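Chains, contacts and geometry: an overview
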Amino acid sequence: VEINQSILLSNEGAAAITFLGHLNGKNDLEVFNKNERGSIVFAKSVGGNVALQSLNLKTKNAIEFPSQVDVSHLITTSPTLTFADEVVVRDQVIAHNVIAKGKYRSVRFLGDGQFSGIAAFDRISSLVLGSKDSSKFNFCGPLSVLDGVLITQGEITTKGSVTLAELSLKGSTEFKTNSGD
């Protein structure tokens, strides 16, 4: 599916908003799930061929991405985002709980990020936070990178515990933990 213009989708009574094909395009996609029992389902990649400008997902339910995600902005009210493949967010990510697992792919949040819950990255090759010295990431819950390397540039602030298998610092990097270190 090619997103040729900005789109707002919402459901009143439908149980799910489901995207069965690959989503591509240089525009915005906003999905508003108004049904508390409904869900937003992505069956294939998002931005796999052409990155979406903005993916804004409003829902009270968890969302799983089974394939590649490539967007400039990812903003969601979902309680949990789960990624099963490679992820690139080029400018801004705002999310609650974020989980990436399996396949030893890379997860790259290149701009700025705000995570209000846990951020757990397991069996990935690398987690990249920031691509410039001015990048800022705030983790209100625990941050864990168990089987990959965290590559970071910019400022990272954490209020929860931090568990890292390996850390690589680039450029000017500031790491603030819950104890003020």
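Everything numeric in this text was worked out from a predicted model, so none of it was measured. (Residues numbered from 1 in each chain as written. Predicted model: local features only at pLDDT ≥ 70, side-chain atom pairs only at ≥ 80, totals over all residues. Heavy atoms only, no water.)

**Comments concerning the pattern of salt bridges**
Once their charged atoms are close, side chains differing in charge can pair, the charge on each being opposite to the other. Evaluation of the coordinates by the stated rule reveals 8 salt bridges. Among the salt bridges present, the one from E30 reaches K58, with a minimum N-O distance of 3.0 Å. One end of the pair, E30, is in strand β3 (residues 28–33); the other, K58, is in strand β5 (residues 52–58), and 28 residues separate them in sequence. Classification of E30 by relative accessible area gives partly exposed; the value is 23%. Note that K60 and E36 form a salt bridge whose closest N and O atoms lie 3.5 Å from each other. Taken together, the positions of K60 in the loop between β5 and β6 (63–65) and E36 in the loop between β3 and β4 (39–42) put the pair 24 residues apart, joining distant regions of the chain. (Salt bridge = Lys/Arg side-chain N within 4 Å of Asp/Glu carboxyl O. Helix = DSSP H or I, 4+ residues; strand = E, 2+ residues; numbered from the N terminus. Buried < 20%, exposed > 50% of the residue type's maximum accessible area, 1.4 Å probe, protein only.)

**Observations regarding the nonpolar core**
Residues F42, L55, F65, F109, F121 and L127 are the most contacted members of the largest nonpolar core, which totals 39 residues. The contacts of F109, once residues within four sequence positions are left out, are V87, V89, V93, F115, F121, L127, V128, L129, G130 and F137. (Core = buried A, V, L, I, M, F, W, Y, C linked by side-chain atoms within 4.5 Å. Contact = heavy atoms within 4.5 Å.)

From the geometry alone we can't say anything about function, so treat these as descriptive.
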